[in-house]
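# A structural walkthrough
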Amino acid sequence: MKFSCNWLRELVPGLDLSPRDLTRLITMKTAECEGVEPFAPWLEAVVAARVLSAEPMEGSHNLKAVVDAGPEYGTRTVVCGAPNCRPGLLTAFVPPGVTIAAGKHIRSVVIQGVESQGMLASGAELGLNRDSAGVLELDGVEPGSPLPGCPVDHIIEVDNKSLTHRPDLWGHLGMAREVAAITSLRLADPVRGDLIPSGAPAWQVDIRDFELCPRYSALVFENVTVGPSPLWLQARLEALGLNPISNIVDVTNYVMAELAEPMHAFDADLLHGNTIIVRRAEEGEEFAALNGESYRLSPSNLVIADQRGAVALAGVIGGAGSAIRPATTRIVLESANFEPANIRRTSAALKLRTDASMRFEKAQDPVNTVRALARAVELFRIVSPGIRLAGGLVDSWRQAPPPPPIELDLEWLERRLGRPIGKEEVRRILESLSFRVEEPRPQVFQVGVPSWRATKDISIREDLLEEIGRMVGYDTVPPVAPLMPVRRPWVNEERLFHHSVRQMAAAQGFTEVSNYSFISEEMAARFGFTPDEHLRVSNPISSEQTLLRKSLLPGIHKNISDNARFYGEFRLFEIGNEIHKREGRQLPLEAPHLMAAIYTRGDGSAALFELKRLAECLLPGCEARPAEARPYEHPARAGEIAWRGKTLGRLFELHPRLVEQGRAAILDLDLADIFALGPLPRKYVPLRRFPTSEFDLSVVAGLRVHCAEIGARIRDAAGALCERVQYLYSYQGKPLPEDRQSLTYRVTLGAPDHTLSSDEVGTVRRNIIAALEAAGFGIRQ
Amino acid sequence: MLDSTLSDIEARALSAIEAASDAAALERARVEFLGRKGALAQIGKDLGKLSPEERARAGKLLNSVKQLLEERFDKKQTWFEEQALRARLDAEWLDITLPAPGVRPGALHPLTQIQKELEDLFTSLGFAVVDGPEVETEWHNFDALNIPPAHPARDAQDTFWLENGCLLRTHTSPVQVRAMERFGAPLRIIAPGRVFRNEEVDASHEHTFYQLEGMMIDRDVSIGHMLYFMKTLLEAIFRREVTVRLRPGFFPFVEPGFELDIQCLLCGGSGCPVCKQSGWVELLPCGLVHPNVLRAGGIDPREWNGFAFGLGLTRLVMMRYAIDDIRLLQSGDLRFLEQF
Ligand SMILES: [Zn+2]
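Residues numbered from 1 in each chain as written. Chains lettered and ligands numbered in written order. Predicted model: local features only at pLDDT ≥ 70, side-chain atom pairs only at ≥ 80, totals over all residues. Heavy atoms only, no water.

Looking now at the overall build of chain A. From N to C terminus, chain A includes 20 helices and 38 strands. For chain A, the spread of C-alpha atoms along the three principal axes comes to 130 × 85 × 55 Å. At a minimum sequence separation of 6, the contacts of chain A that also span at least 24 residues come to 68%. Of the roughly 34800 Å² of accessible surface on chain A, a fraction of 51% belongs to carbon and sulfur atoms. Distance between charge centres in chain A, computed from 88 positive and 99 negative side chains, equals 6 Å. (Helix = DSSP H or I, 4+ residues; strand = E, 2+ residues; numbered from the N terminus. Contact = heavy atoms within 4.5 Å. Areas by Shrake-Rupley, 256 points an atom, 1.4 Å probe, with all protein chains shown as cover. Lys, Arg positive; Asp, Glu negative; His and termini not counted. Charge placed at Lys NZ, Arg CZ, Asp CG, Glu CD.)

Put into structure tokens, the structure is as follows:
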């Protein structure tokens, strides 16, 4: 939302602050200003000039004009191409050295042998309107004086988000009221209520849905002349980024920019019948809007209709069929109030945001409709001389009971604010913002809320706390540590666990990455995931974001491909949530996983075991068990990680067809499952008092036998005396046959109460050998 | 006669010690003079032939020579041992500038680091660190936070909607409600985490970023209390005194609502591109918790009140390390991540 400093000064007489200071005060007390920019600063140098002569120049459409530019610039010769340049014309002269709209810099130049000592400018070239058909046509000023009604202005841009709750600040008067309160100046209300005519209305209004349209007011005018607005009005709209169209439309926009009340003017002769009907649209009802588009409506949309059909989409946009045209002589001027949520839904559904819808969705004040009409009457008389009111005010509304006053306990106020504040100061602030203050009990105010703040903004005492707090300035509140009982906070063990896993992975050489929660269908397909198993995004911006990841793998895979361009070997990991969809509208299961990866250019086996070691750091004593490979896993290098009787994740090499060059080993652990197991129970075992005995055994087995399987058989066969079975090394080659290998284990035995005899050790050894031979293994002597 | 023999032996022995060039030569000399069959042992045997008086005197003399020589031999031997040790150790010279074997330690993501830092800070102030789901219900993300359907404030948060009617949380604020539901009042929590906005990605916009939500509910919590925590937080983050200003800001879940700005740390308030020439950087939206939000969380606003704030962690990380492209944080690019 843009605010003109000149306009604010008109509404707050005596306001004497620089645009920059004003901007800072508004930011600190009311709403966030994004900046302040001068509007058309070149107007400082532009003057009115009278064309004394204008001669055609041979071979072009240009004219050589001599102008009287007043005492400062004197008589100048300029080359001008405008068709309306003629002797006697009073227009705008831009001296050389000035930069005007669109960065156009004016210099003295020689054109076709004529030195042009400046320029005659159109409204568009000066940024005052959109008219570039010819140079400006002025009247009523002397050559050399500034352009009438167009002083240099400053425009404050306020962040719309910070106005969401303030319907009144969508017009200059609302902001002026704030400025007046901040500066302790008086607000000059521009509305003259006495301009509203009494008597029988010339038009009727029939509101069929008071929920959606609490109030509809209108006036009918006749003897209207449609034409361009005066320059000052065009310039003011242009300064705010509103497009000047015609005097009638411009006045409605001007009043909207001033009072925050959007209005609409219908050509009364293009309406059928003389009743305005406010109703829900019919299913499929077609509506041709002013913007040239056609919309198919539904009963959730509210329309303004005549006997034939919709003539406006209520609170959003007018219709093409009843718009003001050059020939218009009678108008119906609408000033209504609409229910905000419905306006917002309509505007969102039709993707049609207008200056009107933006205001109505903030909950405008129903009291304001007639005030806006009164203001429009005054302005119409200026821009369309001879205009007449036809009949009295058309006004239909279902008045809601006024909101109850808010009880404000001054002691509560001080406690919340965190500083003392005098009763009189509270009253002064509230009254400067037009609240009505009474004190029915000592130290308790009854605060009446002005209608323009009561629609949505202010209804509870906390809202009043904000009014007072911002006006006294929050910088007057001292920071104070609260006094309260010591309580040990709840400890988020799971989060701490994740942090410890991160620390450990980093210490082991892995760098943490963070990947998106989204994947594309194409990514899912690459890993053999079914897209429909994923939770789907309904409104993705790009195809990269259509599904929510149910594995960290696609992201990690991308990290591997990306980084392989720069590194021959690297380690990385991510801790993030897998998202698994559940039935119906339930929240999905979010399962935190650790995925670690090692990329190498070697054969990849060392990487797999390094990841196994990472798993062991986290899960002391965990096992890697062979398991059937998934489609994205190397078919002969895949397994699962088990710990304390539970399968907790996978250890695998990525299928080589998924890695362009080199190998990638992956460890994937379900951190929720691991956390659920709790810390490993530890129990002290007394140290052995008697020495242990050990012997080595070399077991001959097939090439694809699992080391852990033989170890387990040895342990089982060793019985109660077994302290430890440790794999040492394996051997292939002579004298073993080609399809055999030997695996050597060290067996340690011991007893708690005596030193083992050689007989005892020999028995265990024989038992182990017998068991292994029974299972088909040989023993290498 | 004996005296002169002894002094002769002493002189010869001392010169042999002197002359010994290695431990073996010294040992040979020791055997020659102090050995069981050495020169002094030989004289000892002869003592028996002397008169008792003579024997006593000569024995004393012999002992003193023996003691002196033993001392000298030991001393020289020690010297040889030290020499030998020194030589051996010198031969063990290592080039410690060689790189350590094995894998270099990895790095933690800067967002992890800042989260941990802030979690530790708030834990020390008596706050619990809580988590909430990344996929949220519309109710928790909006309605419970006093943002009913068709509220214009929903515009400010472009939302990823999901096929099952849920959404990706647009802020960490829904954790306020979940924490109230779970713990009730009094309450002191922070909730760091990942949030999502449905917008195009460029150097300064991301659809995925991190926030830290904070909330305190107790009896009679004031704006002054909130300011105390905000200042403490910022000074811990920036490790220096910071100048802050509090101005009105609109967020439906707080009333009153504020924007807390810090004076630009780059230009000190005089204006620069980082602060868009204003001298201030918007950092911490905060406010007193709206009674409707307390009610949504099952807490009676007549008894309890509190403050809440939201801190953009991604933004903070970018400020701290002067990172100029937000996309790097989610890029997985090790050339970037290894810097932290
Ligand atoms: Zn700065």
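That shown, we press on.
For the rest of this paragraph, the subject is the packing of helix H14 (residues 493–507) of chain A against helix H17 (residues 605–618) of chain A. Residues and elements named next belong to chain A. With their axes 11 Å apart at the nearest point, H14 and H17 run at an angle of 140 degrees to one another. It follows from the interaxial angle that H14 and H17 lie oblique. Crossing handedness for the pair H14 and H17: right-handed. Facing Phe497, Val501, Met504 and Ala505 of H14, the residues of H17 in contact are Leu614, Cys617 and Leu618. (Axes fitted to C-alpha atoms, helices over the stretch in contact; angles between N-to-C directions. Parallel < 35°, antiparallel > 145°, perpendicular 65-115°, else oblique. Left-handed = near helix turned anticlockwise from the far one by under 90°.)

Below, the discussion takes up the confidence of the model for chain B. Residue and element names in this part refer to chain B. In this model, chain B carries an average pLDDT of 92, and 99% of its residues clear a pLDDT of 70 or more. For chain B, the element scoring lowest by mean pLDDT is helix H3 (residues 39–46), at 83; strand S1 (residues 128–129) scores highest, at 98. The complex prediction reports pTM at 0.87, with the ipTM value standing at 0.88. (pLDDT = per-residue confidence, 0-100.)

With that settled, consider the coordination of the zinc ion. All names here are of chain B. Taken together, the protein donors to the zinc ion comprise Cys264 (SG), Cys267 (SG), Cys272 (SG) and Cys275 (SG), at separations of 2.2 to 2.3 Å. Taken together, the four donor atoms surrounding the zinc ion define angles of 102 to 114 degrees at the centre, an arrangement classified as tetrahedral. We note that the donor set of the zinc ion lies within a single chain, spaced as C-x2-C-x4-C-x2-C. Taken together, the residues span a long stretch of sequence, with Cys264 in the loop between strand S7 (254–263) and strand S8 (280–289) and Cys275 in the loop between S7 and S8 at a distance of eleven residues. Given the relative accessible area of 3%, Cys264 is considered buried. Owing to a relative accessible area of 4%, Cys275 belongs among the buried residues under this scheme. (Donors = N, O, S within 2.8 Å, 3.2 Å for Na, K, Ca; no water. Tetrahedral: all angles 85-135°; square planar, octahedral: opposite > 155°, others 65-115°. Buried < 20%, exposed > 50% of the residue type's maximum accessible area, 1.4 Å probe, protein only.)

Residues that lie three or four places apart on an α-helix share one face, since the helix turns once every 3.6 residues. Residue and element names in this part refer to chain A. Counting buried residues along helix H5 (residues 231–239), eight of its nine residues qualify, which places the element largely inside the surrounding structure. Burial in H5 covers these residues: Leu231, Leu233, Gln234, Ala235, Arg236, Leu237, Glu238 and Ala239. Contacts made by the buried residues of H5 are with strand S1 (2–4), helix H1 (5–11), strand S2 (33–39), strand S10 (153–158), helix H6 (247–259) and helix H9 (368–383). Looking one or two residues beyond H5, the residue adopting positive phi is Gly241, at roughly 80 degrees.

A word on the packing of aromatic side chains. The geometry of an aromatic ring pair is captured by two quantities: the separation of the ring centres and the angle between the planes. Residues and elements named next belong to chain A. Taken as a whole and judged by the stated rule, the model has 28 aromatic pairs over all chains. Considering the side-chain rings of Tyr632 and Phe652, the 5.7 Å spacing of their centres and the 65 degrees angle between planes classify their relative orientation as edge-to-face. With Tyr632 in the loop between strand S31 (623–626) and strand S32 (633–643) and Phe652 in strand S33 (residues 646–654), the pair connects residues that are 20 residues apart, well separated along the chain. The class for Phe652 is buried, based on a relative accessible area of 2%. (Phe/Tyr/Trp six-rings, centres within 6.5 Å; stacked < 30°, edge-to-face > 60°.)

Residues and elements named next belong to chain A. What the seven strands build is an open sheet, ordered S26-S29-S30-S34-S33-S32-S31; its pairing is mixed. Looking at the sheet topology across the chains shown, the edges are occupied by strand S26 (511–512) and S31. Against the sheet, helix H16 (residues 553–563) touches strand S29 (570–580), strand S30 (589–600), S33 and strand S34 (663–670), its axis set at about 155 degrees to S29. (Pairing = 2+ DSSP bridges.)

Moving on to the pairing of S30(A). All names here are of chain A. Summarising burial for S30: eleven of the twelve residues are buried, a large majority. When S29 meets S30, the two strands line up antiparallel, connected through eleven bridges. By the bridge assignment, His580 is partnered in S30 with Leu589. The pairing of S30 with S34 spans eight bridges and is antiparallel. Residue Ile598 lies in a different strand from S34, and its bridge partner there is Ala665.

Our focus in this paragraph is the interface of chain A and chain B. Contacts between chain A and chain B engage 85 residues on the former and 91 residues on the latter. For the pair chain A and chain B, the summed buried area comes to about 7400 Å², and 57% of that belongs to carbon and sulfur atoms. If you look at where chain A meets chain B, you find seven salt bridges. Here Arg247(B) and Glu32(A) are joined by a salt bridge, their closest N and O atoms 3.4 Å apart. Across the chain A-chain B interface, the total number found is 40 residue pairs in polar contact (both at pLDDT 80 or more). Residue assignment for the side of chain A that touches chain B shows that the elements contributing at least two residues are helix H2 (19–29), helix H7 (340–349), helix H10 (410–417), helix H13 (461–472), H14, S26, H16 and S29 of chain A. A total of seven residues in the side of chain A that touches chain B trace back to one element, the largest contributor, which is S29(A). Looking at the side of chain A that touches chain B, its residues break down into 34 nonpolar, 23 polar and 28 charged. (Buried area = accessible area lost by both parts, 1.4 Å probe. Salt bridge = Lys/Arg side-chain N within 4 Å of Asp/Glu carboxyl O. Polar contact = N/O pair within 3.5 Å; in protein donor to acceptor, adjacent residues only side chain to side chain. Nonpolar A, V, L, I, M, F, W, Y, C, P; charged D, E, K, R; others polar.)

For the peptide bond that leads from Lys734(A) to Pro735(A), omega is 0 degrees, which places it in the cis range. One can find Pro735(A) in the loop between strand S36 (722–731) and strand S37 (740–749). With an omega of -5 degrees, the peptide bond running from Glu255(B) to Pro256(B) counts as cis. Backbone geometry at Arg644(A) places phi at a positive 50 degrees, although glycine is not the residue there. Its place among the elements puts Arg644(A) in the loop between S32 and S33. We classify Arg644(A) as partly exposed; its relative accessible area is 33%.

So, about the domain arrangement of chain B. Here the domain parsing of chain B yields domain 1 (2–91) and domain 2 (110–337). For domain 1 of chain B and domain 2 of chain B, the distance between their C-alpha centroids amounts to 88 Å. (Domains from an automatic or database assignment.)

Attention shifts here to the packing of helix H1 (residues 2–19) of chain B against helix H2 (residues 23–34) of chain B. Residue and element names in this part refer to chain B. Contact geometry of H1 with H2 gives a least axis separation of 9 Å together with a crossing angle of 170 degrees. Overall, the two elements H1 and H2 adopt an arrangement that is roughly antiparallel. Across the interface between the two elements, Ile9, Arg12, Ala13, Ala16 and Ile17 of H1 pack against Leu26, Ala29, Glu32 and Phe33 of H2. Among the residues forming the contact of H1 with H2, the class breakdown is seven nonpolar, no polar and two charged.

The subject of this paragraph is the nonpolar core. Among the nonpolar cores identified, the biggest contains 102 residues, and Leu126(A), Leu128(A) and Leu147(A) are the most heavily contacted of them. With nine residues, the single largest contributor to this core is H9(A). In contact with Leu128(A), not counting residues within four places along its chain, are Phe39(A), Leu43(A), Gly123(A), Leu136(A), Leu147(A), Cys150(A), Leu231(A), Gln234(A), Ala235(A) and Glu238(A). In terms of nonpolar packing, the next biggest core, distinct from the first, is built from 101 residues, Ile519(A), Met226(B), Val281(B) and Leu288(B) among them. (Core = buried A, V, L, I, M, F, W, Y, C linked by side-chain atoms within 4.5 Å.)

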